[in-house]
Amino acid sequence: MEAVIERFEKDQCILEFEDGRLISFPKNLLPEEAQEGDVLDLRFKINRERTVARREKIQKMMDEIWLD
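The rules we used
Residues numbered from 1 in each chain as written. Predicted model: local features only at pLDDT ≥ 70, side-chain atom pairs only at ≥ 80, totals over all residues. Heavy atoms only, no water. Helix = DSSP H or I, 4+ residues; strand = E, 2+ residues; numbered from the N terminus. Rg over C-alpha atoms; globule rule 2.2 N^0.38 Å. Buried < 20%, exposed > 50% of the residue type's maximum accessible area, 1.4 Å probe, protein only. Core = buried A, V, L, I, M, F, W, Y, C linked by side-chain atoms within 4.5 Å. Contact = heavy atoms within 4.5 Å. Pairing = 2+ DSSP bridges. Axes fitted to C-alpha atoms, helices over the stretch in contact; angles between N-to-C directions.

Undergrad: Quick rundown of the overall build of the protein? Include the residues and the values.
TA: Along the backbone of the protein there are 1 helix and 4 strands. Taken against the 2.2 N^0.38 rule, which gives 11 Å for 68 residues, the C-alpha radius of gyration of the protein at 19 Å runs more than 25% over that of a compact globule. The dimensions of the protein, computed from C-alpha atoms along their principal axes, are 55 × 25 × 25 Å. Put simply, the protein has 68 residues, and 15% of those count as buried.

And the structure:
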């Protein structure tokens, strides 16, 4: 997935996607050298290990609450 840096507004970056949608994104999460007009390659990856650990932690907390 790609997005173009449309503009910067204070601490936000406005990204434009191929379908014309615009979203606001925290500027501090971009590379320092990012400029208006740059094309960003956006990739998301699920961290399975942390997902499982989080679910187990939540389940343990729920089990403790319901047992009381």
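This is not the end of the story, as more comes after the structure.
Undergrad: Can you lay out the nonpolar core for me, pointing to particular residues and giving the numbers?
TA: In terms of nonpolar packing, the biggest core is built from 9 residues, these being Ala3, Ile5, Cys13, Leu15, Phe17, Leu30, Ala34, Leu40 and Leu42. Of all the secondary structure elements, the ones that give two or more residues to this core are β1 (2-9) and β2 (12-17). No other element matches β2, which puts 3 residues into this core. In contact with Phe17, other than residues within four places in its own chain, are Met1, Glu2, Ala3, Ile23 and Leu42.

Undergrad: Got a sec to walk through the sheet that holds β2? Specific residues and values, please.
TA: In any sheet, the strands associate via hydrogen bonds between backbone groups, in a parallel or an antiparallel arrangement. Read across the sheet, 4 strands follow the order β3-β2-β1-β4 without closing on themselves; strand pairing throughout is antiparallel. Each edge of the sheet is formed by a strand with only one pairing partner; in this case those strands are β3 (22-26) and β4 (39-41). When the angles between neighbouring strand axes are averaged without regard to direction, this sheet yields 40°. Pairing geometry for β1 and β4, over 3 bridges, is antiparallel. Bridge pairing links Ala3 to Leu40 in β4.

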